[in-house]
Amino acid sequence: MTLGKADTRKHFMELRKSLGQTERGRIDAGIATQVLSSPEYQQAKVVLAYLSFGAEVDTHEIIRIAWADGKTVALPRCMPGRRMAWHVVKTFDGLVRSKFGVDEPVDDPSTQIDPNQPDAIALVPGLTFDARGFRMGYGGGFYDMFLANFPGSSLGLCRECQLSDSVPFLDEHDLPVQAIATETRLIRCR
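Residues numbered from 1 in each chain as written. Predicted model: local features only at pLDDT ≥ 70, side-chain atom pairs only at ≥ 80, totals over all residues. Heavy atoms only, no water.

(A) Summary view of the pairing of strand 3 (residues 83–88). The pairing of strand 2 (residues 72–79) with strand 3 spans six bridges and is antiparallel. Bridging from a neighbouring strand, Met79 pairs with Arg83 of strand 3. Here strand 2 folds back onto strand 3, and the loop between the two strands holds three residues, one of which, Gly81, carries a positive phi near 80°. With two bridges connecting them, strand 3 and strand 6 (residues 112–113) associate as antiparallel partners. Of the residues in strand 6, the one forming a bridge with His87 is Gln112. (Pairing = 2+ DSSP bridges. Helix = DSSP H or I, 4+ residues; strand = E, 2+ residues; numbered from the N terminus.)

(B) Examining the nonpolar core more closely. Residues Val35, Val47, Leu48, Leu123, Phe146, Leu155 and Leu157 are the most contacted members of the largest nonpolar core, which totals 44 residues. Among all residues touching Leu48, those that are not within four sequence positions of it are Ala74, Trp86, Ile113, Pro115, Ala120, Ile121, Ala122, Leu123, Phe146 and Phe150. (Core = buried A, V, L, I, M, F, W, Y, C linked by side-chain atoms within 4.5 Å. Buried < 20%, exposed > 50% of the residue type's maximum accessible area, 1.4 Å probe, protein only. Contact = heavy atoms within 4.5 Å.)

(C) Summary view of the sheet that holds strand 11 (residues 179–181). In spatial order, the strands read 6-3-2-1-7-10-11-12; together these eight strands make up an open sheet with mixed pairing. Each edge of the open sheet carries a strand with a single partner, namely strand 6 and strand 12 (186–188). Across the sheet, helix 4 (residues 60–68) lies against strand 1 (46–48), strand 2, strand 7 (120–124) and strand 10 (153–157), angled at about 135° from strand 2, the strand it touches most. (Axes fitted to C-alpha atoms, helices over the stretch in contact; angles between N-to-C directions.)

(D) Broad picture of the packing of aromatic side chains. If you walk through the whole model with that rule in mind, you get four aromatic pairs. On the numbers, 5.2 Å between centres and 45° between planes, the contact of Trp86 with Phe146 is tilted. Of the two residues, Trp86 is situated in strand 3 and Phe146 in helix 5 (residues 142–147); the sequence distance between them amounts to 60 residues. As far as the burial class goes, Trp86 and Phe146 line up, both buried. For the pair Tyr143 and Phe146, a centre-to-centre distance of 6.4 Å together with 90° between the ring planes defines the contact as edge-to-face. Remark: Phe146 and Tyr143 occur in helix 5; sequence separation between them is three residues, near one turn of the helix. When its relative accessible area of 9% is taken as the criterion, Tyr143 is described as buried. (Phe/Tyr/Trp six-rings, centres within 6.5 Å; stacked < 30°, edge-to-face > 60°.)

(E) Up close: helix 1 (residues 5–18). With 14 residues, helix 1 should cover 20 Å at 1.5 Å per step; its first-to-last C-alpha distance of 20 Å lies within 8% of that length. What helix 1 keeps buried is the set Thr8, Arg9, Phe12 and Arg16. All buried residues of helix 1 fall inside an arc of 100° around its axis, so they share one side. Summarising the geometry of helix 1, the exposed residues directed more than 90 degrees from the buried face are Ala6, Lys17 and Ser18. Buried residues belonging to helix 1 abut helix 2 (21–37), strand 8 (128–129) and strand 9 (135–136). (Expected span 1.5 Å × (residues − 1). Arc of directions from axis to C-beta.)

(F) Looking closely at the pairing of strand 10. Most of strand 10 is tucked away, with five of its five residues classed as buried. The alternating pattern of strand 10 places Ser153, Leu155 and Leu157 and Ser154 and Gly156 on opposite faces, both of which are buried. In this structure, strand 10 lies alongside strand 11, joined through three bridges in parallel fashion. Bridge pairing in strand 11 places Leu157 opposite Ala181.

(G) How the structure looks around the pattern of salt bridges. Across all of its chains, the model carries nine salt bridges by this definition. Its salt-bridge partner being Lys10, residue Glu14 comes within 4.0 Å of it at the nearest N-O pair. Residue Glu14 and its partner Lys10 are both found in helix 1; the two are separated by four residues, about one turn of the helix. With relative accessibility at 46%, the residue Glu14 sits in the partly exposed group. According to the relative accessible area criterion, Lys10 is partly exposed, its value standing at 47%. Across the pair Arg159 and Asp28 runs a salt bridge whose closest N-O atoms are separated by 2.9 Å. (Salt bridge = Lys/Arg side-chain N within 4 Å of Asp/Glu carboxyl O.)

All we've got here are geometric facts, nothing functional implied.
Laid out in C-alpha cells, this is it:
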C-alpha cells in the first residue's frame, strides 16, 4: 500500500520521534562530526544553518562550533512568498518564536545578509532524503525557493533511518542538495 503525501510526512515525523531523545542525541553527534569534517564546511566562511526544534537533527552544537571556528552564522526568517531572509546571529539569545513554532532572528536590517555567496554552506533540514539529494520537508517550499539561486554548497542533514530509496511526490520546483550528512557517512548526491 502506497502512502499519500501527508501520510508519508506523518510516517517520517513519527519515525524520528520514536528514536527517543538519547538515541537522537547519539546519532546527531555523528551527523555533526560528518558536517564539521566535510570539505564544504571546512572551506565555508558563512554557515547558513537552521535552528533545530523538536525531533529534527540537532544543529545547536554545529552552530556553536562554527562560531568558535570564526565562521559567520546566519539563521533564516520565513517571509511571505516562500522566501527566507538570513540574519547573522552570534548567540542563541534574542530569538523570537515564529508562527511555525521555530525560533528565528528578529527582523533587524543591520543583521541581514545576502545568502547567495559562493563561500557559504547551507544546512538543509528534511523529513527524508534520497541518494539523489531530493528531500521531503514540511511542505512550505522555502528551501526549494532558496536553493534555486544559491551558489554555495548545500548539505542535507538526515539520520540513516530516515533515508529513502526515492523521495516520492516530487514537483517540478523541488531541488536536490549536493550532499547529505548522516551519522555514518557523507553522501555525494547524483
